[in-house]
Amino acid sequence: MPEPGSIDEKDLHAYVDGQLDAARRSEVEAWLGAHPEDAGMVADWQAQNDDIRALFSGYARSEPRDPELLLTPQPKPARRLRHFPLRQMAASLILLGAGIAIGQAMPSLLGRAPLSVQQTAAALPQEARSAFLIYASDVRHPVEVGADEQEHLAAWLSKRLDHPLSIPDLSRFGYRLVGGRLVPVGGKAGAMLMYEDAGGERITVLAGRNDANRTTSFRYATEGTIETFYWIDGPVGYALSGEISRERLREMAEECYRQFEG
């Protein structure tokens, strides 16, 4: 029987994703037998994964597409002079905190082994939230390449990711593409796409490559008013972030999944 506190949420997620060795799996199962609340939470996650697999069972994986063969470019949305003092303040604090943390951790990082799969998955929503806070509030330069250059944007980001990246069409949800930019994800080149609705509300889609990744289940993360829905599919992790309802974000994430899969 594992000692109290020896099984945390990271272990439970790894158990659900089938990423534990036999010994650790037995420890987690013993823990769940003694902790009905955790057992109920794990059962909910497993049921959600089954539902998602059933939902996407009709979408067969296709061969990677030529990044030059993409969707028809959408009209470039008009700029709105929106102001987000709280978001900007939060973004500044994130950057300050990140700088301090990197400065303190740099000596040990130079000799540190790559992050585990669990650590990589856990870092993805944090990076997605940071990107959303920093860029969604930017009035003049939220993206590097606008929606009027969508074909170039997809080809450029695909090349930097070394992975074909299509540009999801979220128009049926009332969101149109603003554009995208190159951002760091896990210390490597990553992609961020930004969308905006008629009221000026924005969401971001983050994609980052890590060849050590293994596919994980779909997960939610919430911090303050920001919801993030994320998953890892093969070598690429994806995350959608926005200040919208969890149900609404889930619907758009499912649509992105379909379109990323071709």
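What this report covers is the structure whose coordinates are included nearby. None of the values given here were measured: they were computed from a predicted structure.

## So, the packing of aromatic side chains
For step 1, the next point in the chain: For the structure on display, the rule yields five aromatic pairs.
For step 2, the next point in the chain: Ring geometry for Y220 against F229: centres 4.8 Å apart, planes inclined by 70°, an arrangement best described as edge-to-face.
For step 3, the next point in the chain: Classification of Y220 as partly exposed rests on a relative accessible area of 23%.
For step 4, the next point in the chain: Looking at F229, the relative accessible area reads 2%, which means it is buried.
For step 5, the next point in the chain: Counting every residue linked through ring pairs, the aromatic cluster contains Y220, F229, W231, Y238, Y257 and F260.
For step 6, the next point in the chain: The aromatic ring of Y220 is capped on one face by R246, whose charged end is 4.5 Å from the ring centroid.

## Looking at the sheet that holds strand β1 (residues 145-146)
For step 1, the next point in the chain: A sheet is described by the order of its strands in space; here seven strands give the open sequence β1-β2-β3-β4-β7-β6-β5, paired in antiparallel fashion. Only two strands of the sheet have a single neighbouring strand rather than two, namely β1 and β5 (219-223).
For step 2, the next point in the chain: Looking at chain direction, strand β4 (residues 202-209) and strand β7 (residues 236-242) are connected through seven bridges and run antiparallel. Bridge pairing in β7 links T204 to S241.

## Some words on helix α2 (residues 22-34)
For step 1, the next point in the chain: Helix length check: α2, at 13 residues, gives a terminal C-alpha distance of 19 Å against a target of 18 Å (1.5 Å per residue), a fit within 8%.
For step 2, the next point in the chain: Along α2, the residues that are buried comprise V28, W31 and L32. Buried residues along α2 cover an arc of 100° about the axis, so they all sit on one side. Of the exposed residues in α2, those oriented more than 90 degrees away from the buried face are A22, A23 and G33.

## Looking at empty space enclosed by the protein
For step 1, the next point in the chain: What the rule picks out here adds up to one cavity of 30 Å³ or more.
For step 2, the next point in the chain: Computed from the structure, the largest cavity encloses a volume of approximately 30 Å³.
For step 3, the next point in the chain: Around the largest cavity, the lining residues are L165, A191, M192, L193, V205, L206, A207 and F260.
For step 4, the next point in the chain: Those elements giving two or more residues to the lining of the largest cavity turn out to be β3 (188-197) and β4.
For step 5, the next point in the chain: Classifying every residue of the lining of the largest cavity gives eight nonpolar, no polar and no charged.

## A short note on the nonpolar core
For step 1, the next point in the chain: Core analysis: the biggest nonpolar cluster contains 31 residues, and L165, L170, Y175, Y195, W231, L240 and M252 have the highest contact counts within it.
For step 2, the next point in the chain: Elements that contribute at least two residues to this core include exactly α6 (150-161), β2 (175-185), β3, β4, β6 (226-233), β7 and α7 (246-260).
For step 3, the next point in the chain: Here this core gets six residues from one element, more than from any other, and that element is α7.

## Observations regarding the side chain of E255
For step 1, the next point in the chain: As for its position among the elements, E255 is in helix α7.
For step 2, the next point in the chain: Residue E255 is classed as buried on the basis of its relative accessible area of 13%.
For step 3, the next point in the chain: Separated by 3.2 Å, the side chains of E255 and R258 make a polar contact.
For step 4, the next point in the chain: Beyond its immediate chain neighbours, meaning those up to four positions away, E255 contacts D169, L170, R172 and F173.

What counts, and at which threshold
- Residues numbered from 1 in each chain as written.
- Predicted model: local features only at pLDDT ≥ 70, side-chain atom pairs only at ≥ 80, totals over all residues.
- Heavy atoms only, no water.
- Phe/Tyr/Trp six-rings, centres within 6.5 Å; stacked < 30°, edge-to-face > 60°.
- Buried < 20%, exposed > 50% of the residue type's maximum accessible area, 1.4 Å probe, protein only.
- Lys NZ or Arg CZ within 6 Å of the ring centre and 35° of its normal.
- Pairing = 2+ DSSP bridges.
- Helix = DSSP H or I, 4+ residues; strand = E, 2+ residues; numbered from the N terminus.
- Expected span 1.5 Å × (residues − 1).
- Arc of directions from axis to C-beta.
- 1 Å grid on protein atoms, 1.4 Å probe; cavity = no way out; pocket = protein on both sides within 12 Å on 5 of 7 lines; lining within 4 Å.
- Points joined across faces, edges and corners; volume = space filled by probe spheres on them.
- Nonpolar A, V, L, I, M, F, W, Y, C, P; charged D, E, K, R; others polar.
- Core = buried A, V, L, I, M, F, W, Y, C linked by side-chain atoms within 4.5 Å.
- Polar contact = N/O pair within 3.5 Å; in protein donor to acceptor, adjacent residues only side chain to side chain.
- Contact = heavy atoms within 4.5 Å.

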